[in-house]
Amino acid sequence: QVQLVESGGGLVQAGGSLRLSCAASGRTFSTKTMGWFRQAPGKEREFVAAINWSTSSTVYADSVKGRFTISRDNAKSTVYLQMNSLKPEDSAVYYCAATPRTLGLTFESRYDYWGQGTQVTVSS
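Caption draft 1: Examining the pattern of salt bridges more closely. On inspection of all chains with the given rule, the structure shows six salt bridges. One salt bridge connects Glu-108 with Arg-45, and the closest N-O pair in it is separated by 3.0 Å. Of this pair, Glu-108 sits in the loop between strand 9 (92-99) and strand 10 (113-114) while Arg-45 sits in the loop between strand 4 (33-39) and strand 5 (46-52), and the two are 63 residues apart along the sequence. We classify Glu-108 as partly exposed; its relative accessible area is 33%. According to the relative accessible area criterion, Arg-45 is partly exposed, its value standing at 23%. The closest approach of N and O atoms between Asp-62 and Lys-65, which form a salt bridge, is 3.2 Å. The burial state of Asp-62 is the same as that of Lys-65; both residues are exposed.

Caption draft 2: Examining the side chain of Asn-52 more closely. Tracing the backbone shows Asn-52 in strand 5. With relative accessibility at 12%, the residue Asn-52 sits in the buried group. Within the structure, Asn-52 has its side chain in polar contact with the backbone nitrogen of Ser-54 (distance 2.7 Å). Apart from the residues within four sequence positions on either side, Asn-52 is in contact with Lys-32, Thr-33, Ser-57, Arg-72 and Thr-102.

Caption draft 3: Representation of the pairing of strand 11 (residues 118-123) within the structure. The two faces of strand 11 differ: Thr-118, Val-120 and Val-122 on one face are buried, but Gln-119, Thr-121 and Ser-123 on the other face are not. One ladder, built from four bridges, connects strand 2 (residues 10-13) with strand 11; its direction is parallel. Across the sheet, the residue bridging to Gly-10 is Val-120, located in strand 11.

Caption draft 4: Quick look at the pairing of strand 5. Of all seven residues that make up strand 5, six are buried, and the element is covered over most of its length. Note that strand 4 and strand 5 share six bridges and pair antiparallel. Paired with Trp-36 across the two strands is Ala-49, which belongs to strand 5. The loop that links strand 4 with its antiparallel partner strand 5 comprises six residues; one of these, Gly-42, has a positive phi angle of about 75 degrees. In terms of strand pairing, strand 5 meets strand 6 (residues 58-60) through three bridges, oriented antiparallel. Residue pairing across strands places Ala-50 opposite Val-59, the latter belonging to strand 6. The antiparallel hairpin formed by strand 5 and strand 6 contains five residues in its connecting segment, where Ser-56 sits at a positive phi of about 65 degrees.

Rules and cut-offs
Residues numbered from 1 in each chain as written. Predicted model: local features only at pLDDT ≥ 70, side-chain atom pairs only at ≥ 80, totals over all residues. Heavy atoms only, no water. Salt bridge = Lys/Arg side-chain N within 4 Å of Asp/Glu carboxyl O. Helix = DSSP H or I, 4+ residues; strand = E, 2+ residues; numbered from the N terminus. Buried < 20%, exposed > 50% of the residue type's maximum accessible area, 1.4 Å probe, protein only. Polar contact = N/O pair within 3.5 Å; in protein donor to acceptor, adjacent residues only side chain to side chain. Contact = heavy atoms within 4.5 Å. Pairing = 2+ DSSP bridges.

As structure tokens, this is what we get:
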């Protein structure tokens, strides 16, 4: 099992920045990719970004490209999501996820482990 704990959410004005963290513990060696998803009220959960633990290769949703950056610290087993130029439409609960897979990373069904989520609210 892998346990994931997100932190760093909060309330920020439009144009501001936040950095989310996701600390992984347990059988982290069984995972190859970490991802971030988000879910706004009344909407389906959607992919935001993913990163490979070993290669640091990344993939982003078009809606966040150029504004969000995913990174990882292997020594701390922690993944970060730096969010800049935030917009009200970025408001959502943000979830960290882990998977042993390296393909199909934009689909939540490809992830085996999930955190509890952290709320991000962007005011206009």
